[in-house]
Each structure stands twice: as C-alpha cells, then as structure tokens.
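# Chains, contacts and geometry: an overview
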Amino acid sequence: MTAGLVALSAAVLSTVAPSVFLVCSGSGGGGSEQHCPPDDWLGEYTLQLEARGDRPTYRHSTAASGRTPEMWYTPDRGWYVGAVDRLGERKAAMLSRDIAAMTPDAVTQPWLAGSWTGGNRTAAAVPGLRCLGAAEGRVAMETEAAAARAIVAAGAGTVYFAPVESDSPRFDDVRAGWVGAYRRARIPQALMRQEDPRPSGGPGSAGSEDTFRSVNQRNVYESSRPSAGGKTRALWYAGDAWFLGYRENIGQLRGVFHARSAARLPEQIGAAAWQMASRKGRGKAPGADWVAAQDLQFFSGEGGKQALSRYKAQMELRRPHSAERGRRASGGGGRRARARPAADAG
C-alpha cells in the first residue's frame, strides 16, 4: 500500500458515493474552456478501498496521456487531482483548497487548473470545473459532451493562420510558409472506423461519400498549399494541445507550432498561446526549445479573410526591398545588370 494510505473503513464506505464525475462546463466554447483540463482527465472516478487523510480516494477509469488520474485529500491543502504516481504529493493537475469537504463532490471552493499563457504554466480558477456525485455527474457529463460535439460539428469549414496585426514583426521564411487558409480535412467513408467519427447530421455525416476527419474529438484541417518539400501542412489536437505540422504526424505530440489549450476549435485560441519550435526543438515534444510565435493565431469567417489579406498586402509592400537586397547580395548592386557586348562574351 502506498505510504500515507490506510484501508477505508466500513463506516466511511457506507456514506460516500461509489463514483464521482469531474466535468467542465462550457467545454465547447470560449471563457473557461481555455483552462479546462484535457478531455482524458474529465469523466468518472471510482471509489478505491483506500483512504488518505481520513478521506476516500477515487481513480479514473482510463489512463490520461499514459498516466492514470486519481483524486486524493491532503489535510492542510485540500483535494487534488493528479497522476496516480503523484499520489500524496503537492504536485497535481488540479486542486481545490476546500479542507472541510469530506468528499470531492462536496467541494465548495473553486477548482484550480494549470493554464498555459505565453508558454508559462500557472494555476488559474476554472469556474466551470466541478466534481459531482454519480447521478448528477453522469447527466452533466453527457450534456457537456453533446454540447462539445455540436460546437465541433458547426465549426468553420476554413480557418486562417495569420498575424493579429498587419504591422506585426516581419516573419522569417519558416513562419511565412505556414500562414494561410486551412480547410477541414476529409477522409473516405471506408476509413471512418479508424478515426473518430463526425457527429451525425450535416455535411460529412455517416452515409455520405466521404466525411470530415476528426482526431481526439476535434476537427483536422489541411492546407491546399504544399510545403517546399511537397508535404501537406495540417492542424490537429493531441494530448492537451493543438499542433500545426505535417499530415504524416496527425495525432502525434509533434509539429512546427503548438498551443496548449483544450479549445474545441482553433479560432478560440488566443495569439499568446501559440509557440513555434526553434531549431533545437524541431522534431521534439514541446518544451524549453519552443519560442513565442510572434502574434500568429487562427481566425475564421470574414475576420480570417481580412487578416490574411492584410498580411499579403504587407508582404507585397516589402517584396521590392527583398528583391533589391537579393540583387546586391549577388553582386548586381541596386541597378539592373547591363548585358555584356557580344565581343566580350568569348
């Protein structure tokens, strides 16, 4: 038995719920969605036959990102939700400082969860994050799941990756190559069983010739403009973040850009969240070798078209200067090189 745990007494067993549900309201839109924990931390937690700090412990039914989530109590801090290998520690994904609550579904103090802003992780209160008893929790979870599916299904068919302002700093060739429109990806109906199915109803639903591709309950998007190497650029959700990379890596925790956010749609993510892999970070999971993406973010609708148009206009204004520098670098100076006389060519 893990240190600090004792067998749960029969008296306690008879008074606590056999399971609780961790749900995050507004999981389909903005607001608290930006700080909601990843989907695999939410859901049902079942009662364990062990107690800590005279309170019961609960364990998630599935592993989250390779680690099983658990709820436990610490007398001087309150209720924690974290990986089972962190049980009893003061490091966790979520915390409520309600030291009086006998069970997590009785918590009345706000739940705090990790929030990523500009690449830095801080604890922030999440008003929509709640722990509920079995009956109420199951209904709430199903309601939130249905709302999230509806949001994803109704998402824009095209999103635009562009600078927030037209006078944003000039981007290098790597950043510039990723600016543009990304459309919902489709896959043949025959492959649907290998992917998350789209919600029924509307374009691309079951029975159509093809359907929208979805991974981890989020849309997948692709650019129609290939990279210099002929690869297709794509946008997807994995783990606890959105990734912008290549089609061959869809579903993986790797890309050229990433933003830690549980947002259902990419256009719900602010510019401060997006980071880009530095030369050292390319091909690696997000970490210290990732840098701010210089005010790039995804837009939808007319706002997206306008942001992309502003960017293209700025690039057109700068193009003559780039061409002039190129001629100087090649020895042509600022003027067009004159043709050599035929007599000198030999």
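Residues numbered from 1 in each chain as written. Predicted model: local features only at pLDDT ≥ 70, side-chain atom pairs only at ≥ 80, totals over all residues. Heavy atoms only, no water.

## A few points about the overall build of the chain
The criterion, for reference: Only DSSP runs of H or I reaching four residues or more are called helices, and only runs of E reaching two or more are called strands; each is numbered from the N terminus. Only protein chains enter the accessibility calculation, which uses a 1.4 Å probe; a residue is then buried when its area is under 20% of its type maximum, exposed when over 50%, and partly exposed in between. Should any heavy atoms of two residues lie within 4.5 Å, those residues are counted as being in contact. Under the convention used here, a 1.4 Å probe and the Shrake-Rupley method define accessible areas, while residue burial counts only the protein chains that appear.
Looking only at helices and strands, the chain has four helices and 23 strands in total. Residues classed as buried in the chain amount to 43% of the 346 residues present. When contacts within the chain are restricted to residue pairs at least 6 apart in sequence, those whose partners lie at least 24 apart make up 51%. On the chain, roughly 17400 Å² of surface is accessible, and the fraction owed to carbon and sulfur atoms is 52%.

## Some words on the pairing of strand β4 (residues 55-60)
Cut-off, in case you're wondering: When DSSP finds two or more bridges between two strands, those strands count as paired.
Of all six residues in β4, five are buried; the element is thus mostly enclosed. Bridging between strand β3 (residues 43-52) and β4 involves five bridges; their strand directions are antiparallel. Bridge assignment links T46 to a residue of β4, and that residue is R59. One ladder, built from two bridges, connects β4 with strand β5 (residues 69-74); its direction is antiparallel. Each bridged residue has a counterpart across the sheet, and for Y58 the counterpart in β5 is M71.

## Some remarks on the side chain of S261
Worth spelling out the cut-off: Polar contact is defined as a pair of N or O atoms within 3.5 Å, subject to the rule that within protein one atom must be able to donate a hydrogen and the other to accept it, and that residues adjacent in sequence are counted only when both atoms are side-chain atoms.
Residue placement: S261 occurs in the loop between β20 (257-260) and β21 (274-277). A residue is classified by how much of its surface remains accessible, and S261, at 3% relative accessible area, is buried. Polar side-chain contacts of S261 include one of 3.1 Å to the backbone nitrogen of A263.

## Let's talk about the pattern of salt bridges
When their charged atoms lie close together, side chains carrying opposite charge are able to pair. Short version of the rule: In what follows, salt bridge is the name for a side-chain nitrogen of Lys or Arg lying within 4 Å of a carboxyl oxygen of Asp or Glu.
Per the counting criterion, the structure on display carries nine salt bridges. Across the pair R55 and D54 runs a salt bridge whose closest N-O atoms are separated by 2.3 Å. On the accessibility criterion, D54 (52% relative accessible area) is exposed. The residue K231 makes a salt bridge to E248 at a minimum N-O spacing of 3.6 Å. Of this pair, K231 sits in the loop between β17 (221-222) and β18 (233-238) while E248 sits in the loop between β19 (241-246) and β20, and the two are 17 residues apart along the sequence. Residues participating in the shared-partner salt-bridge network are D39, R218 and R264.

## A look at the packing of aromatic side chains
Heads up, the condition is: Each pair of aromatic rings taken from Phe, Tyr and Trp, with Trp reduced to its six-membered ring, is defined by centres within 6.5 Å and is described as stacked if the planes are under 30 degrees apart, edge-to-face if over 60, and tilted in the remaining cases. Two limits define a charge over a ring: the Lys NZ or Arg CZ must be within 6 Å of the ring centre, and within 35 degrees of the ring normal.
Inspection of every chain in the model, using the stated rule, returns 11 aromatic pairs. Ring geometry for W72 and Y80: centres 5.8 Å apart, planes at 5°, overall stacked. By relative accessible area, W72 is classed as buried at 0%. Both rings, one in Y182 and one in F298, keep their centres 5.8 Å apart while their planes meet at 75°; by these two values the pair is edge-to-face. Here Y182, found in strand β12 (residues 180-184), pairs with F298, found in strand β23 (residues 296-300); they are 116 residues apart in sequence, far enough to count as distant. Taken individually, Y182 and F298 each receive the classification buried, so the pair is uniform in this respect. Of the aromatic side chains, those joined through ring pairs into one cluster are F161, W178, Y182, Y246, F257, W274 and F298. The ring centre of Y246 lies 5.0 Å from the NZ or CZ of K231, which sits over that ring.

## Comments concerning the environment of C36
Mapped onto the secondary structure, C36 falls in the loop between β2 (19-24) and β3. The class for C36 is buried, based on a relative accessible area of 7%. Linking C36 and G128, residues 92 residues apart in sequence, is a C-alpha distance of 8.0 Å. For C36, the residues in contact, after removing those within four places along its chain, are C24, S25 and A262.

## Comments concerning the nonpolar core
We count it as follows: Residues belong to one nonpolar core when they are buried, are Ala, Val, Leu, Ile, Met, Phe, Trp, Tyr or Cys, and are joined through side-chain atoms within 4.5 Å.
L22, L129, F161, F257 and W274 are the most contacted members of the largest nonpolar core, which has 53 residues in total. Here the element with the most residues in this core is strand β11 (residues 158-163); it accounts for four residues. Ranked by size, the runner-up nonpolar core spans nine residues in total, among them V215, V220, A241 and F243.

## Side note on unusual backbone geometry
The phi torsion at N216 lies on the positive side, around 55°, for a residue other than glycine. Mapped onto the elements, N216 comes out in the loop between β15 (214-215) and β16 (218-219). We classify N216 as partly exposed; its relative accessible area is 29%.

## Here we look at helix α2 (residues 134-153)
The condition that has to hold: Multiplying 1.5 Å by the residue count of a helix minus one yields the expected span of that helix. Directions pointing from the helix axis toward each C-beta atom define the arc.
A rise of 1.5 Å per residue sets the reference length of α2, with its 20 residues, at 28 Å; its end C-alpha atoms lie 28 Å apart and thus fit the reference within 8%. Along α2, the residues that are buried comprise G137, A140, E144, A148 and V152. The arc that holds the buried residues of α2, viewed along the axis, is 105°, so those residues lie on one side. In α2, the exposed residues that point more than 90 degrees away from the buried face are A135 and V139. Against β2, β10 (129-133), β12 and β16 lie the buried residues of α2.

## A few points about the pairing of β12
Of all five residues making up β12, four are buried, and the element is well covered by its neighbours. In terms of strand pairing, β11 meets β12 through four bridges, oriented antiparallel. By the bridge assignment for β12, V159 is matched with Y182. Where β12 meets β17, two bridges bridge the pair, whose relative direction is antiparallel. Along β17, the bridge assignment pairs R183 with E222.

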